[in-house]
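Structural features, examined
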Amino acid sequence: MATSPQQNEHLVRLLGRVGQRDQSAFSELYSLTSPHLFGVALRILNRQDRAEEVLQEAYVNVWNQAGSYAAGLSAPMTWLTSVVRNKALDWLRHVKLADESTVVMVNEDGEDYLPQIADERADPQELFAQATEGLRLRHCMGTLEAAQRQSLALAYYDGLSHSELAEHLQAPLGTVKAWVRRGLEKLKKCLESNPTPVKN
Amino acid sequence: MNYERSELLEKLAAEYVLGTMSPRARRRFAQVLHHSPAAQRATAAWHDRLQAFNRPIAAVTPPARIWRAIVQRTQGRTARTGWVARFFSSWAKPALAFGFGLVLTVGFIHQTPQTVGLEPTAAKLAASYVGLLTDSNDTPVLSASSLRKGKVLSVKILKPLQPPAGQVAMLWALPKDGAPIPVSVVPFTGKADIALTAPAEEIFAKVPKLAITYEANASVTAPTGPIIASGHCVKIW
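Just so we're clear, the structure is a prediction, and the values are computed from it rather than from any experiment. (Residues numbered from 1 in each chain as written. Chains lettered and ligands numbered in written order. Predicted model: local features only at pLDDT ≥ 70, side-chain atom pairs only at ≥ 80, totals over all residues.)

1. Examining the overall build of chain A
Along its length, chain A carries 10 helices and 0 strands. Along chain A, helices and strands appear, N-terminal first, in the series α-α-α-α-α-α-α-α-α-α. Looking at chain A residue by residue over its 200 residues, the buried ones come to 44%. Residue pairs at least 24 apart in sequence account for 66% of intrachain contacts in chain A once pairs closer than 6 positions are excluded. (Helix = DSSP H or I, 4+ residues; strand = E, 2+ residues; numbered from the N terminus. Buried ≥ 20, exposed ≤ 12 C-beta atoms within 10 Å, placed from the backbone. Contact = placed C-beta atoms within 7 Å.)

2. Considering the sheet that holds strand β1 (residues 128-134) of chain B
Residue and element names in this part refer to chain B. The 8 strands lie next to each other as β5-β4-β7-β8-β1-β2-β3-β6, forming an open sheet whose pairing is antiparallel. If you trace the sheet from one side to the other, it starts and ends with β5 (181-186) and β6 (191-195), each paired once. For this sheet the average axis-to-axis angle between neighbouring strands, irrespective of direction, equals 25°. Note that strand β4 (residues 168-174) and β5 share 5 bridges and pair antiparallel. If you follow A173 over to β5, its bridge partner there is I181. (Pairing = 2+ DSSP bridges. Axes fitted to C-alpha atoms, helices over the stretch in contact; angles between N-to-C directions.)

3. Examining the interface of chain B and chain A
The accessible area lost on association of the parts is a frequent measure of interface size. Taken residue by residue, the interface counts 43 residues in chain B and 53 residues in chain A. Of all elements in the fold, only α1 (6-18), α2 (23-35), α3 (37-50) and α4 (64-74) of chain B reach the threshold of two or more residues within the side of chain B that touches chain A. When residues of the side of chain B that touches chain A are assigned to their parent elements, the largest contribution, 7 residues, is made by α4 of chain B. The class makeup of the residues in the side of chain B that touches chain A is 25 nonpolar, 10 polar and 8 charged. (Nonpolar A, V, L, I, M, F, W, Y, C, P; charged D, E, K, R; others polar.)

4. Comments concerning helix α10 (residues 173-193) of chain A
Residues and elements named next belong to chain A. Taking 1.5 Å as the rise per residue, α10 with 21 residues should run 30 Å; its terminal C-alpha atoms sit 30 Å apart, in good agreement. Those residues of α10 that sit buried are V176, W179, V180, G183, L184, L187 and L191. Seen end-on, α10 carries its buried residues on one side only, within an arc spanning 120°. Of the exposed residues in α10, the ones pointing more than 90 degrees away from its buried face are G174, K189, E192 and S193. (Expected span 1.5 Å × (residues − 1). Arc of directions from axis to C-beta.)

5. A word on the confidence of the model for chain A
Residue and element names in this part refer to chain A. Looking at chain A, the pLDDT average stands at 81 and 80% of residues meet or exceed 70. When pLDDT is averaged over each element of chain A, helix α2 (residues 23-45) comes out on top at 95 and helix α5 (residues 114-120) at the bottom at 40. The model gives residues 96-120 a pLDDT under 50, and that stretch makes 21 contacts with residues more than four places away or in other chains. (pLDDT = per-residue confidence, 0-100.)

6. Things to note about the packing of helix α3 (residues 48-65) of chain A against α4 of chain B
Packed helices, taken two at a time, are described by their axes: the angle between them and the distance between them. Two elements in contact, α3 of chain A and α4 of chain B, have axes separated by 10 Å at closest approach and are oriented at 35°. Every pair of crossing elements has a handedness; the one defined by α3 of chain A and α4 of chain B is right-handed. Contacts from E52, L55, Q56, Y59, V60 and W63 of chain A of α3 of chain A reach α4 of chain B at I66, A69, I70, R73 and T74 of chain B. Classifying every residue of the contact of α3 of chain A with α4 of chain B gives 7 nonpolar, 2 polar and 2 charged. (Left-handed = near helix turned anticlockwise from the far one by under 90°.)

7. Some remarks on the nonpolar core
V18, A41, V54, L55, V84 and A88 of chain A together with A13 of chain B are the most contacted members of the largest nonpolar core, which totals 68 residues. Per-element accounting of this core gives the leading share, 11 residues, to α2 of chain A. Residues within four places of A41 of chain A in sequence aside, it is in contact with A51, V54, L55, V84 and A88 of chain A. One finds V168, A173, I212 and C233 of chain B within the second-largest nonpolar core, a separate group that totals 34 residues. (Core = buried A, V, L, I, M, F, W, Y, C linked by C-beta atoms within 7 Å.)

8. A look at unusual backbone geometry
Residue and element names in this part refer to chain A. In this model, R21 sits at a positive phi of 65°, which is unusual for a non-glycine residue. One non-glycine residue with positive phi stands out, namely Q170, at about 55°. Mapping Q170 onto the fold places it in the loop between α9 (162-169) and α10.

Below, the structure written as structure tokens:
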């Protein structure tokens, strides 16, 4: 979800009011941001039921912690996304997922969610490519080696840990850790050498 | 491990945000985040750097039940205080609005519990503190109630508060003798359950009055603005 400076300011104001226990502001914040955040949770967890729980936990957190949101530290959508990603990653790290093929995902109309998600769950590398289109990121991602790019994409979009990456990529753990570390270092260096800020 | 070392902090923050850390390392770094502003800054910067990667993720409208569940949880209707809070808040306003009517109501319920569908064990209002704050025109502005030994103060705004832009509405306890004690920031409209730092009894035992002022921020320790509304704080037992 890309946000304009005006939308950003509006979200900052809403978060301020949520910090003061304003239910109507909370409701508006949810309407504006939950589709994107639910998409993020679904993407990383790939399960409707887990994503619903994570989204619920995340917004309860937002309600309780909006007072401590520091607008100077991060943009509102970035902060909200980080709350959801952290909850989702905690889920992945602490909950052993049951056999996913047995899970039936049904939405409110009784429709099976699985095919829809399966169709939409694009390849992480493709998502990476889309994310970098037209951004300075494209250039910076181009400076990464293929293995580094692939490691970052799988970690970010599919929530894979170091050891899961090693298994997935059939490479030694130490090698994978190095790909990730060097990929992140290169990315940071490149982004810092480019003065154009990425706003979201 | 010295987490304040910037190079190490940077590396850990990056991997925390990317999500590749092991569960143990993740838990440890989350603890560091609680008390290290440097770690918070490093993490926020990485969230910012990687935020653009979220753009291509398709938005999906969540089912309505999620919002219903969130509302239920954020309004504090826990199993522990749920029925008490609902029962109490529904009676507090009329009871206080009619002054002595409160006492009559307690007596009435006590005598005829069946009229409100209560079992004999729940025939009395729970021992609680109640406040009704009115403005200079005697219009009710806010009701506040808490169980005697409870740590939740339920407030309801009866007339929307309209502080100047950027200011907060602060609820004060005004002790019989002593300086005003800041209780909490209250919402401008609607209802809220406020977590108290101590059981209500410890805070309100010697507090005959409550007041609201508008303040520049939530961390003021003494009221600076004029009193917007005030009223008695009474014990019900």
